[in-house]
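# Structural features, examined
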Amino acid sequence: TKYVTFEFVNYSEKDDTVKVNVTILKGAKTYKMTYDLTLAYDGIYSTNSFLEGPRLEMPNSIYRGKAWTKDSNKNWISSVKSKVDVPAGYFEECVRIKTRIGDGDAGSAVRYYSRGVGLLYEEWQAEDKVETLRLMSYSIN
C-alpha cells in the first residue's frame with residue numbers, strides 16, 4: 001500500500017497554472033515529485049502525473065463520447081453521471097474517462113473526476129501490474 005498526498009500550491013491566474021506537490025509514502029520510504037496543471041484552450045493538461053506521464057487531464061468540452069488521442073493512447077469520456085464511493089466519500093455526477101494505452105496492447109486506465117474536488121479514483125492496468133489511486137480525504141482552503 002502506498003499513501004499519496006497531493007498539495008496544490010502557487011496558483012497563477014496570469015499563467016493559468018497550479019503546481020502540484022506529491023508525496024508518496026511506501027513503508028519507510030518517501031518519494032516526492034512535482035508537476036504542473038495548466039489550463040489551455042482545449043482543456044487542463046498535466047506535465048506529469050502519478051500513474052502516467054504528461055496528459056490531457058480533462059477536456060474543456062465534457063460530454064459522453066468525447067474522445068481524443070495522445071501518442072498511441074486513446075481516451076474517451078464514457079460517462080458524465082457515474083457514481084463513485086471512495087474513502088473520502090460518496091460522489092455522484094462524476095466524469096469517467098477511459099484510456100486504452102498503446103492502442104490497448106500496453107494496458108488500460110479509468111479515471112473518475114468530481115466537480116469541485118477533482119480526481120477521485122484512477123486505476124491503471126498493464127501486463128505486469130495494476131496501480132490504483134483512491135481519494136482518502138481532501139480539504140478546500
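Look up: the structure comes first, before these words.
Residues numbered from 1 in each chain as written. Predicted model: local features only at pLDDT ≥ 70, side-chain atom pairs only at ≥ 80, totals over all residues. Heavy atoms only, no water.

### Brief notes about the sheet that holds strand S8 (residues 89-101)
Across the sheet, which stays open at both edges, the 6 strands sit in the order S6-S7-S8-S9-S10-S11 with antiparallel pairing between neighbours. Unpaired on one side and paired on the other, strand S6 (67-70) and strand S11 (130-134) mark the two borders of the sheet. Between one strand and the next, the sheet's axes are offset by a mean angle of 25°, whatever the strand orientation. Pairing analysis gives 9 bridges linking strand S7 (residues 73-86) to S8, with the strands arranged antiparallel. In the sheet register, Asp 85 faces S8, and the bridge partner there is Tyr 90. (Pairing = 2+ DSSP bridges. Helix = DSSP H or I, 4+ residues; strand = E, 2+ residues; numbered from the N terminus. Axes fitted to C-alpha atoms, helices over the stretch in contact; angles between N-to-C directions.)

### Focus on the sheet that holds strand S1 (residues 3-12)
Within the open sheet, the 5 strands sit side by side as S1-S2-S3-S4-S5. Their pairing is antiparallel. Both edges of this open sheet fall to S1 and strand S5 (55-59), since each of them pairs with a single strand only. Along the sheet, successive strands turn relative to each other by an average axial angle of 25°, direction set aside.

### Notes on the nonpolar core
Ranked by size, the top nonpolar core spans 9 residues in total: Val 84, Val 86, Phe 91, Cys 94, Val 110, Tyr 112, Leu 120, Tyr 121 and Leu 135. If you list the elements that add at least two residues to this core, you get S7, S8, strand S9 (107-114) and strand S10 (118-125). (Core = buried A, V, L, I, M, F, W, Y, C linked by side-chain atoms within 4.5 Å. Buried < 20%, exposed > 50% of the residue type's maximum accessible area, 1.4 Å probe, protein only.)

### Section: the packing of aromatic side chains
According to the stated counting rule, one finds 2 aromatic pairs in the structure shown. A centroid spacing of 6.3 Å and a plane angle of 45° characterise the contact between Phe 91 and Tyr 138, whose relative ring orientation is tilted. Residue Phe 91 is located in strand S8, and its partner Tyr 138 is located in the segment after S11; the two are separated by 47 residues in the primary sequence. Residue class for Phe 91 comes out buried when judged on its relative accessible area of 10%. Centre to centre, the rings of Tyr 112 and Tyr 121 are 5.9 Å apart; their planes meet at 65°, and the pair counts as edge-to-face. Taken as a pair, Tyr 112 and Tyr 121 share a single burial class, namely buried. (Phe/Tyr/Trp six-rings, centres within 6.5 Å; stacked < 30°, edge-to-face > 60°.)

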